[in-house]
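Below, each chain spelled out in residue letters.
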Amino acid sequence: MIRVLVAEDMRILREALVGLLALEHDIEVVAELGSGGEILAAGLRTMPDVAVLDIELPGLDGLSAAAELRERLPDCRTLILTGFGRPGNLRRAVAAGVAGFMLKDSRPADLVAAVRTIAAGGRVIDPQLAYAALDAPAGPLTDRELDVLRLTAAGCEPREAASQLQLSYGTVRNYLASAVTKLNARNRVDAIRIATDAGWL
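A quick note: this is a predicted structure, and the numbers were derived from the prediction, not measured.

Q: Help me understand the sheet that holds strand 4 (residues 77-82) in this model?
A: Pairing between sheet strands relies on hydrogen bonds along the backbone, with the strands arranged either parallel or antiparallel. Read from one edge to the other, the open sheet built from six strands follows the order 2-1-3-4-5-6, with strand pairing classed as parallel. Both edges of this open sheet fall to strand 2 (27-33) and strand 6 (124-125), since each of them pairs with a single strand only. As judged from the five bridges shared by strand 3 (residues 50-54) and strand 4, these two strands associate in the parallel manner. When the bridges of strand 4 are listed, Val50 appears paired with Arg77. Sheet contacts for helix 5 (residues 108-119): strand 1 (2-7), strand 2, strand 3, strand 4, strand 5 (100-103) and strand 6; angle to strand 4, the most-contacted strand, approximately 155 degrees.

Put into structure tokens, the structure is as follows:
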């Protein structure tokens, strides 16, 4: 029996996923959750073989939760479901060690087959997303610009980022301005969004 944890914040979709999987003779849904912050605790309690996670979850996003599961429950493999076919999300998913990445508009039969494939040790990646990720251009930002953007995305102010990176405050501000310019962003928040969507952060 394949033990599955499902995390999806939209109740109607979560219940539809659970209902779909429950129809299968070899699949048992052991946990259904509405937020990312509950995933690790539920995983440790129920010991699933496969976690089916929405990428956009309140509390903790699906990719961060997948990385936590990989570290604490290495036998649990993750399938990410997303409504957004961004190449950057696929790159982040691969970096988080997920075993599958599918769009939410996939056929139900494909989702069930993906759960079985992943439980058996295989990987499933939506082919259109894979091609889009391969075709995406390399990022224009330097390593230091990326470091500064990452810290800014985590909530650091420029002075705090300067302290952590052992740089001057002015240098950090210059890196932020450079990143905004290179990405044709409106501001640093927009630059973070662009770099994240592209998979550079």
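Additional details are given in the paragraphs that follow.
Q: For this particular structure, what's the right way to read the side chain of Thr46?
A: Residue position: Thr46 is located in helix 2 (residues 39-46). A relative accessible area of 11% means that Thr46 is categorised as buried. With near-sequence residues (within four places) excluded, Thr46 lies in contact with Arg3, Val30 and Ala31.

Q: What is the right way to read the packing of aromatic side chains from this model?
A: Each aromatic ring pair is described using two quantities: the centre-to-centre distance and the angle formed by the ring planes. Overall, the coordinates contain zero aromatic pairs when judged by the stated rule. Here the guanidinium or amino end of Arg159 rests over the ring plane of Tyr169, the centre of that ring lying 3.8 Å away.

Definitions and cut-offs
- One numbering rule holds for all chains: residues counted from 1, following each sequence as written.
- With pLDDT at 70 or above as the cut-off, local features in this predicted model cover only qualifying residues; side-chain atom pairs require 80 or more to be listed or tallied, and sums for whole chains, interfaces and linings still use all residues.
- To obtain the side-chain values, all non-hydrogen atoms of the structure were used and water was disregarded.
- If DSSP finds at least two bridges between two strands, the strands pair.
- Strands here are runs of E lasting at least two residues and helices are runs of H or I lasting at least four, both read from the DSSP assignment and numbered beginning at the N terminus.
- Contacts are assigned to residue pairs with any non-hydrogen atoms lying within 4.5 Å of each other.
- To get an axis, a line is fitted to the C-alpha atoms, and for a helix only the part in contact is used. The angle between two axes follows their N-to-C directions and goes from 0 to 180 degrees.
- Buried residues are those whose accessible area, probed at 1.4 Å on protein chains only, stays under 20% of the maximum for their type, while exposed residues exceed 50% and partly exposed ones sit between those limits.
- Each Phe, Tyr or Trp ring, with Trp reduced to its six-membered ring, pairs with another whose centre is within 6.5 Å; inter-plane angles below 30 degrees give stacked pairs, above 60 give edge-to-face pairs, and intermediate values give tilted ones.
- Counting as a charge over the ring demands two things of the Lys NZ or Arg CZ atom: a distance within 6 Å of the ring centre and an angle within 35 degrees of the ring normal.

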